[in-house]
Every structure is written in C-alpha cells, then in structure tokens.
Amino acid sequence: MTKTTTQQGQRALPLNQILPGDCIAEMNKLPEASVDLIFADPPYNLQLKGNLHRPDNSQVDAVDDHWDQFDSFKAYDTFTEEWLAAARRILKPDGAIWVIGSYHNIFRVGTKLQDAGFWILNDVIWRKSNPMPNFRGMRLTNAHETMIWASKSEGGKYTFNYEAMKALNDDVQMRSDWVLPICNGHERLKNSRGEKAHPTQKPEALLHRVLLATTNPGDVVLDPFFGTGTTGAVAKMLGRDFIGIEREAEYREVAQKRIDNVRKIDSDALEITTSKRAEPRVPFGQLVERGMLRPGEMLISGNGKNAAKVRADGTLVARDVKGSIHKVGAHLEGAPSCNGWTYWHFKRDGKPVSIDVLRQQIRAEMRD
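Predicted model, so just to flag it, every value in this text is computed and none were measured.

Caption draft 1: Representation of the overall build of the protein chain within the structure. A count of helices and strands for the protein chain gives twelve helices and 16 strands. The buried share of the protein chain, reckoned over its 368 residues, is 45%. Residue pairs at least 24 apart in sequence account for 65% of intrachain contacts in the protein chain once pairs closer than 6 positions are excluded. Element-wise, carbon and sulfur atoms account for 48% of the exposed surface of the protein chain, whose accessible area totals about 19,600 Å².

Take a look at the structure:
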C-alpha cells in the first residue's frame with residue numbers, strides 16, 4: 001500500500017514507493033525539508049582491474065557493474081557533491097544522514113559531507129563476523145565497512161534513541177563497533193536466473209539497528225541508492241515510511257516483491273525504551289495538589305537515615321534546610337546533587353514506597 005502527503009502545497013511526497021530514475025534528479029523533485037532520515041549506500045568506485053578468482057580458480061562475483069564505474073576520482077567527487085546537495089535540501093532541519101562505504105570511497109565521501117555543511121556525529125564500524133576472504137593473499141582480509149552518521153548542521157537537533165540502543169545491547173551502552181554477519185543464506189535475494197540479485201545487499205540487522213536508533217515510527221526514511229530494498233523492507237516492518245530511488249529496473253522488481261511480502265509489526269511491539277528525559281515533566285508539587293501526598297506527611301530517605309516533612313507548596317523541610325526534594329536530599333547527604341524522586345519514600349501499609357511511583361502514575365495518565 002502506498003500513500004502520498006503534501007508539504008505546504010508542494011508536490012506530494014511519494015511515501016512507500018520506489019521511484020525509477022537518477023537519484024539526483026528524483027531527489028530534486030521532492031519537497032524541501034520533507035525527509036527525517038537518509039540512508040545512503042552509494043557506489044563504492046572499487047576500481048577493480050581484471051577478474052578476481054578463488055584458489056580453486058572459480059571466479060568471484062565481485063562488484064563490476066556499470067553503476068560502480070567512474071572515469072576518475074574527480075568524476076566520483078563531483079557525483080558525491082551533487083547527490084549530497086540534493087539530499088541536504090530535502091532533509092528536515094532536525095534530520096540526519098547515514099552513509100556507508102568501504103575504504104575505496106568512504107574517506108572521500110566523509111570530506112564531501114563536511115564540505116556540504118553536515119556535522120559528523122559518529123563513524124560506526126560494521127565488523128563482519130563472516131567476511132569474504134582475501135583470495136590473493138596480498139592484503140589483510142577486508143572485514144569491515146564504515147558508516148558515517150551526521151546531522152544536517154552543527155548544533156542541529158536529531159533523533160537518537162539512546163535507551164533503546166542500550167536495551168538492545170543487554171543494557172550496556174551501545175558502542176560504535178557493530179559485529180553483524182554479512183547478508184547470506186535465506187536473506188540473500190536471487191534474481192530470475194538464480195544469481196545474487198545484488199552484489200552488495202546489506203543485512204536487515206544493520207538497517208534494523210540504524211532505524212531503531214535514529215528514527216521514530218511514522219518518520220520518513222529515504223534511500224537514494226535503493227538496490228534490492230533492505231531499507232524499505234526494514235522501514236515497513238518498523239512502522240516507518242520510506243522513499244526509495246533506484247534506476248535499475250531489475251533491482252526495483254526484486255525490491256518491490258520483497259517489500260510486498262513484509263508484514264508490519266503491531267503498534268504495541270513498536271514501542272521502544274525511551275530516555276527518562278523524554279518523559280513528561282511532573283513537578284513534585286502536583287503530587288501534593290492532587291492529594292497523593294498530604295502537607296505535614298513525613299518522607300524518609302531510602303537508607304532510612306533522614307526524614308523531611310512535606311509542605312503545602314511542594315517543598316520539604318528537614319532540620320536546618322528547606323527547599324525542593326532534590327535540594328533537601330543533597331543537603332542532608334552532604335552531596336553536590338541528589339535525585340529526590342528516587343531518594344525520598346513515603347510509607348503505605350507500614351512499607352516504604354518511592355515517591356517516583358506516584359510520578360509514574362501521573363505520567364501514565366498523561367499518555368492515555
């Protein structure tokens with residue numbers, strides 16, 4: 001199913017469609033500042049000389065397609081400048097871009113990204129757990145690719161679901177080196193001739209992590225080098241809208257068939273762990289106003305060492321100090337700061353209960 005939206009009277013945004021044609025020309029037709037995220041897997045410009053063979057003399061199906069061939073580094077740089085300019089125009093002010101590449105092209109692309117005004121946030125190493133061997137034995141096995149994640153400008157806002165990435169990584173902060181296998185087995189798409197449909201098909205696991213980290217459901221994700229549609233397939237699964245651009249008809253056919261077979265995850269399963277900073281702010285005084293805590297009621301610290309009385313204006317008083325739940329807690333502990341929500345407890349049925357439980361009750365009401 002496809003849909004379109006109109007941005008301030010401009011051309012309708014072709015959501016969940018694969019656009020045929022040149023990526024620069026097609027991006028220039030789209031409304032300005034209409035896309036939340038761009039994931040780009042541009043030609044690598046591998047500069048291959050001759051065929052590559054395995055030790056048994058069988059030929060390796062390497063990237064030797066015409067779309068990956070440029071006459072010179074200057075020609076490649078000009079192409080990069082042009083597609084980045086088109087991408088920047090359609091990116092929202094709080095949008096971001098990911099570009100993936102190998103050692104053949106990523107350093108040139110990174111320079112052009114900075115020249116265009118993008119602000120690099122991270123370079124992420126995708127370390128392949130099952131890389132293709134170096135058959136000639138003349139160099140190290142090339143076991144990684146580099147992704148550059150950049151905001152539209154220095155100081156620009158962007159989406160980063162930190163808590164979701166931490167949850168995905170067994171509650172440990174996500175690092176910038178990702179160990180994931182290359183696309184193989186049942187995930188590797190074949191064309192009508194039974195051959196690999198695309199030489200550099202990316203694994204869905206890679207796009208799952210990118211989109212989960214830097215987009216939200218309903219965001220628009222554009223892939224100007226759509227290939228066999230990994231970005232579109234994962235975007236649909238995760239409840240994001242996509243726009244793909246692909247000039248090769250054979251790739252478009254494979255991608256469309258693939259995406260048609262993707263089932264979107266239900267809305268409950270799409271919810272992710274969010275940062276506490278993203279939660280609605282609830283003043284402590286609101287607990288008092290609503291009678292969840294009464295003026296004169298005593299609060300005790302989690303360690304049981306300190307106590308304070310609740311006042312009508314939402315402040316506490318204890319011994320020689322009065323003020324917010326945070327200020328009073330910090331003073332009593334002799335600490336520079338204190339999270340009063342986790343520090344203070346009230347008693348119910350003779351048991352201490354964190355006042356944060358009451359805050360979460362109000363937040364749940366605000367979300368309903």
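Next comes the rest of the account.
Caption draft 2: Local environment of the packing of helix 6 (residues 230-237) against helix 7 (residues 249-260). Two numbers describe how helix 6 lies on helix 7: the axes approach to 9 Å, and their chain directions differ by 15 degrees. As judged from the angle between their axes, helix 6 and helix 7 are roughly parallel. The element helix 6 and its partner helix 7 pack so that their crossing is right-handed. Judged by residue contacts, T230, G232, A233 and K236 of helix 6 engage R258, I259 and D260 from helix 7. Tallied by class, residues from the contact of helix 6 with helix 7 come to two nonpolar, two polar and three charged.

Caption draft 3: Expanded view of helix 10 (residues 325-333). Inspection of helix 10 places I325, V328, G329, A330 and L332 among the buried residues, and these make up the whole buried set. At the C-terminal side of helix 10, G334 shows a positive phi close to 65 degrees.

Caption draft 4: Up close: the pattern of salt bridges. Inspection of every chain in the model, using the stated rule, returns twelve salt bridges. With a shortest N-O distance of 3.0 Å, E26 and K29 are connected by a salt bridge. Here E26 and its partner K29 are both found in helix 1 (residues 23-29), three residues apart, which amounts to about one turn of the helix. Of the charged contacts, one joins K92 and D36 as a salt bridge, the two residues approaching to 3.1 Å between their closest N and O atoms. Here D36 lies in strand 4 (residues 35-40) and K92 lies in strand 5 (residues 91-101), a separation of 56 residues in the sequence. With relative accessibility at 15%, the residue D36 sits in the buried group.

Caption draft 5: Up close: the sheet that holds strand 15 (residues 344-348). Strand order across the open sheet formed by six strands is 14-13-12-11-15-16, with antiparallel pairing between neighbours. At either margin of the open sheet sits one strand with a lone partner, and together these are strand 14 (321-323) and strand 16 (351-354). Each neighbouring strand pair of the sheet contributes to a mean axis angle of 35 degrees, computed without reference to strand direction. As defined by bridge partners, strand 12 (residues 307-310) adjoins strand 13 (residues 316-318) across two bridges and the pair is classed as antiparallel. Of the residues in strand 13, the one forming a bridge with V310 is L316.

Scoring rules and cut-offs
Here the residue index of a chain counts from 1 through its sequence in written order. Two thresholds apply to this predicted model, a pLDDT of at least 70 for residue-level local features and 80 or more for giving and counting side-chain atom pairs, whereas whole-chain, interface and lining totals are computed over all residues. With hydrogens and water set aside, each side-chain value is computed from the structure's full complement of heavy atoms. Elements are defined by DSSP. Helices are runs of H or I of four residues or more, strands are runs of E of two residues or more, and each kind is numbered from the N terminus. The cut-offs for exposure are 20% and 50% of the maximum accessible area for each residue type, with area from a 1.4 Å probe on protein chains only; residues under the lower value are buried, those over the upper are exposed, and the others partly exposed. In what follows, residue pairs with any heavy atoms lying within 4.5 Å of each other are defined as contacts. Shrake-Rupley sampling with a 1.4 Å probe provides the accessible areas, and residues are treated as covered by the protein chains on show and by no other component. Axis lines are fitted through C-alpha atoms, for helices just across the contact stretch, and the angle between N-to-C directions can take any value from 0 to 180 degrees. When describing relative orientation, an angle under 35 degrees is termed roughly parallel and one over 145 degrees roughly antiparallel, while 65 to 115 degrees is termed roughly perpendicular and anything else oblique. A clockwise turn of the near helix away from the far one marks a right-handed crossing, whereas an anticlockwise turn of less than a right angle marks a left-handed crossing. Nonpolar residues are Ala, Val, Leu, Ile, Met, Phe, Trp, Tyr, Cys and Pro. Charged residues are Asp, Glu, Lys and Arg, and all others, Gly as well, are polar. When a carboxyl oxygen of Asp or Glu lies within 4 Å of a side-chain nitrogen of Lys or Arg, that pair is called a salt bridge. Pairing between strands is defined by DSSP: at least two bridges between them are needed.

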